[in-house]
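Residue-level structure breakdown
Listed here are the chains, written in short residue letters.
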Amino acid sequence: MSAILKSSLARKVVMALSGLFLVFFLGQHFVINLTSVIAPDTFNSWSHFMGYNPIVQYALQPVLIAGVIIHFVMGFILELQNRAARGSVRYASYKGSANASWISRNMIITGLVILAFIGLHMYDFWAHEMSYKYIDVKPEDPTRYYAETVHKFEPFWRVVLYVISFVLLALHLLHGFASSFQTMGMNNKYSSAIKIFTKVYAILIPAGFIFIALWHHFNQIQH
Amino acid sequence: MKLNLKIWRQEDAKSKGKMVNYSLDGVEGDMSFLEMLDILNEQLINKNEEPVVFDHDCREGICGSCSLMINGEPHGPDRMITTCQLHMRKFNDGDTIVIEPFRAKAFPVIKDLMVDRSSFDRIQQAGAYVSVNTSGNTQDANSIPINKEDADDAFYAAACIGCGACVAACKNASAMLFTSAKVSQYALLPQGQVEATERVENMVRQMDLEGFGNCTNTGACEIECPKGISLENIARMNREYYSASVKG
């Protein structure tokens, strides 16, 4: 661990690999969420599988939590080191927009908003699941997930927070996804294809999450 | 043209500096930025004031001595040039120009606009060389066939003049573009293979020891580099480093 913290390139790899892992997770999360729109029964059965399968619960879930923690803790460490590297006197005039995008320069801001959203998300779903399974020790109910999830999208404020968070997630991914390939040393004839793919992914997946949230919100208002 | 200059003045490395305003008249568009500063200094000297200290040497864009953060950009608003190649025609009558030293913990200010960039020298000393047999039987370099594309890429990397604009532009004050250019110019050539593992490890270690920041791939360095050093070099340095790490 000390070698990772000492070498700037090792720190970059940790950020890139944990980021790529989270990007992959986001994709599979989206696929499951999408079933809540097109096939609620499938959403229930997949959610139940994720909630009770021992491999998912005791192997994949800890890896996911570790991935999130490593990504944001390393992000903070890098931010602090990078600020210190400028020295004690800052520029009186610094035109960051002349040579780099706002997105690439403000990953810490978009990242903090996403982290806050993950906090809310954990409170909404993970804490609820832990309470259901281990504190209240309620029986397994493979049909409860759809109604519980849809109910979360009823309050307007929650949908607004959801939309803002996913817009910022899209911005975070627009820089981070392609950037992780550069960090891993991939800058070659495939780079333009990677950049296009990451842009499409970074926009479509968050847009899909937003669509699902709006779909459930407006369907509940109508009924 | 008449300009308002806001220039960082700092007595020495230990003093606390401040921005000082100067008004300069009679600036011609054909003057280089450094000639404009020369005129200011002549006026200051004639008034028995301390001239503004700034780095310069060849004044033709090849030595890497001149620096300066001009209106928030290293080497000013133009692209692919050093400060000595920046012409005053890029500015307008009545403009305010903010002139600061390159800012980085690893580039401490010596005086006014002059900074100590010896951290770059130490990174190069850590590995940017090839050991050549100079005992009288040195092999002719041309006797080793080298792929044209590799030779070109090595040459483009070697075009880095070590001015430090990459560090100055980077929001993290990272020196990865510089270090990667120096790694690449050897990594691409057969002569550089013998010391490849130690080179990248030692240079990256020295870069970190100097207190430069971490690269976050904003690409600012590539845009501001007067020699157009590409981000491809950073990816290459990363590959070299990972490969060296695996080899141990």
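Positions within a chain are numbered from 1, following the residues in the order the chain's sequence is written. The naming scheme follows written order: chains are lettered A onward, ligands numbered 1 onward. Residue-level local features of this predicted model are given only where pLDDT is at least 70; pairs of side-chain atoms are given and counted only at 80 or more, and the full residue set underlies all totals for whole chains, interfaces and linings.

**Some points on the overall build of chain A**
Tallying secondary structure elements over chain A gives 9 helices and 0 strands in all. For chain A, the C-alpha atoms occupy an extent of roughly 60 × 40 × 40 Å along the three principal directions. Between the buried cut of 20 or more and the exposed cut of 12 or fewer other C-beta atoms within 10 Å of a residue's own C-beta lies the partly exposed class, and all C-beta atoms are placed from the backbone. Scored against the burial criterion, the 223 residues of chain A give a buried share of 27%. Contact between residues is assigned whenever the C-beta positions, reconstructed from backbone atoms, fall within 7 Å. In chain A, the share of contacts with a sequence separation of at least 24, taken over all contacts with a separation of at least 6, comes to 82%. Secondary structure elements follow DSSP: runs of H or I of four or more residues count as helices, runs of E of two or more count as strands, with numbering from the N terminus.

**Examining unusual backbone geometry**
All names here are of chain B. The phi dihedral of N48 is positive, around 60 degrees, even though this residue is not glycine. Its location among the elements puts N48 in the loop between α1 (33-46) and β3 (69-70). Located in the positive-phi region is A173, a residue other than glycine, with phi close to 50 degrees. If you trace the backbone, A173 turns up in the loop between α4 (165-169) and α5 (176-187). Judged by the 27 C-beta atoms lying within 10 Å of it, A173 is buried.

**Considering the interface of chain A and chain B**
Listed as interface residues are 33 residues of chain A and, on the opposing side, 35 residues of chain B. Going through the elements one at a time, α2 (8-38), α4 (54-85), α5 (102-105) and α8 (156-183) of chain A are the ones with two or more residues in the side of chain A that touches chain B. The element that contributes the greatest number of residues to the side of chain A that touches chain B is α4(A), accounting for 5 residues.

**Remarks on the nonpolar core**
Within the largest apolar cluster, 77 residues are counted, with the highest numbers of intra-cluster contacts made by B:A104, B:C166, B:V167 and B:L177. Lining this core are residues from two domains, each supplying at least three of them: domain 1 (3-111) and domain 2 (118-247) of chain B. Residue contacts for B:A104: discarding those within four places in its chain leaves A:A85, A:R86, A:G87, B:V167, B:A168, B:A173 and B:F212. Joining buried Ala, Val, Leu, Ile, Met, Phe, Trp, Tyr and Cys residues through C-beta atoms within 7 Å gives a set, and that set is a nonpolar core. Where each domain begins and ends is defined by an automated method or by a domain database.

**Describing the pairing of strand β5 (residues 96-100) of chain B**
Residue and element names in this part refer to chain B. Bridge count between strand β1 (residues 3-9) and β5: 4 bridges; the pairing is parallel. Each bridged residue has a counterpart across the sheet, and for L5 the counterpart in β5 is I97. In terms of strand pairing, β3 meets β5 through 2 bridges, oriented antiparallel. Each residue of the ladder has a partner; that of M69, found in β5, is E100. Strand pairing is defined by DSSP finding a minimum of two bridges between the two strands.

**Focus: the domain arrangement of chain B**
Residue and element names in this part refer to chain B. Here chain B is partitioned into domain 1 (3-111) and domain 2 (118-247). Here domain 1 and domain 2 have C-alpha centroids that lie 29 Å from each other. Across the boundary between the two partners, domain 1 contributes 18 residues, which contact 16 residues of domain 2.

**Remarks on the packing of α2(A) against helix α3 (residues 40-52) of chain A**
Residue and element names in this part refer to chain A. Relative to each other, α2 and α3 sit at 145 degrees, their axes nearing to 6 Å. Between α2 and α3, the residues in contact are I32, T35 and S36 and P40, T42, F43, W46 and S47, respectively. The nonpolar class holds Ala, Val, Leu, Ile, Met, Phe, Trp, Tyr, Cys and Pro. Asp, Glu, Lys and Arg form the charged class, and all remaining residues, Gly among them, are polar. Across the contact of α2 with α3, the residue classes break down as 4 nonpolar, 4 polar and no charged. Axis definition: a line fit to C-alpha positions, over the contact stretch in the case of helices; interaxial angles, taken between N-to-C directions, run 0 to 180 degrees.

**A word on the sheet that holds β5(B)**
Pairing is mixed across the open sheet formed by 5 strands, whose spatial order is β2-β1-β5-β3-β4 (chain B). Every interior strand has two partners, whereas the edge strands, β2 (18-24) and β4 (73-74) of chain B, have only one.

**Some points on the packing of α2(A) against helix α9 (residues 191-222) of chain A**
Residues and elements named next belong to chain A. Running from N to C, α2 and α9 cross one another at 30 degrees; their axes reach a closest spacing of 10 Å. Classified by the interaxial angle, the pair formed by α2 and α9 is roughly parallel. As for the relative orientation of α2 and α9, their crossing is left-handed in sense. Together, L26, G27, F30, N33, L34, S36 and V37 of α2 and I205, G208, F209, I212 and W215 of α9 make up the contact between the two elements. Partitioned by chemical class, the residues of the contact of α2 with α9 number 8 nonpolar, 4 polar and no charged. Convention used here: angles under 35 degrees read as roughly parallel, angles over 145 as roughly antiparallel, angles from 65 to 115 as roughly perpendicular, and any remaining angle as oblique. It is the rotation of the near helix from the far one that decides the hand of a crossing: anticlockwise by less than a right angle makes it left-handed, clockwise makes it right-handed.

**Things to note about helix α3 (residues 148-158) of chain B**
Two residues of an α-helix separated by three or four positions point the same way, owing to the 3.6 residues in each turn. All names here are of chain B. Every buried residue of α3 is listed here: D153, A154 and A157. Around the axis of α3, the buried residues are gathered within 100 degrees of arc, so they sit on the same side. Across α3 from its buried face, at more than 90 degrees, point the exposed residues K148, D152 and F155. Contacts from the buried residues of α3 go to α5 and α8 (232-247). This arc is built from the directions going out from the helix axis to the C-beta atoms.

**A closer look at the environment of A:F197**
Residues and elements named next belong to chain A. Here F197 shows up in helix α9. By C-beta crowding, F197 is classed as partly exposed, having 14 other C-beta atoms within 10 Å. The spacing of F197 and F177 is 20 residues in sequence and 9.4 Å in space, taken between C-alpha atoms.

**Brief notes about the pairing of β1(B)**
Alignment of β1(B) against β2(B), held across 7 bridges, turns out to be antiparallel. Bridge pairing links B:N4 to B:S23 in β2(B).

**Some remarks on the environment of A:W215**
Residue and element names in this part refer to chain A. Its place among the elements puts W215 in helix α9. Looking at W215, the number of C-beta atoms within 10 Å reads 14, which means it is partly exposed. For W215 and V37, which are 178 residues apart along the polypeptide, the C-alpha to C-alpha distance reads 7.6 Å.

**Quick notes on the confidence of the model for chain A**
Overall, the predicted model of chain A reaches an average pLDDT of 94, with 97% of residues at or above 70. For every residue, the predictor reports its confidence as pLDDT, a number between 0 and 100. Averaged pLDDT values for the elements of chain A fall to 67 in helix α1 (residues 2-6) of chain A and rise to 98 in α5(A).

**Topic: the environment of B:M114**
Residues and elements named next belong to chain B. The residue M114 is located in strand β7 (residues 114-115) in this model. Along the sequence, M114 and G94 sit 20 residues apart, while their C-alpha atoms lie 26 Å from each other. The residues touching M114, leaving out its near neighbours within four places in the chain, are V53, F54, D55 and P101.

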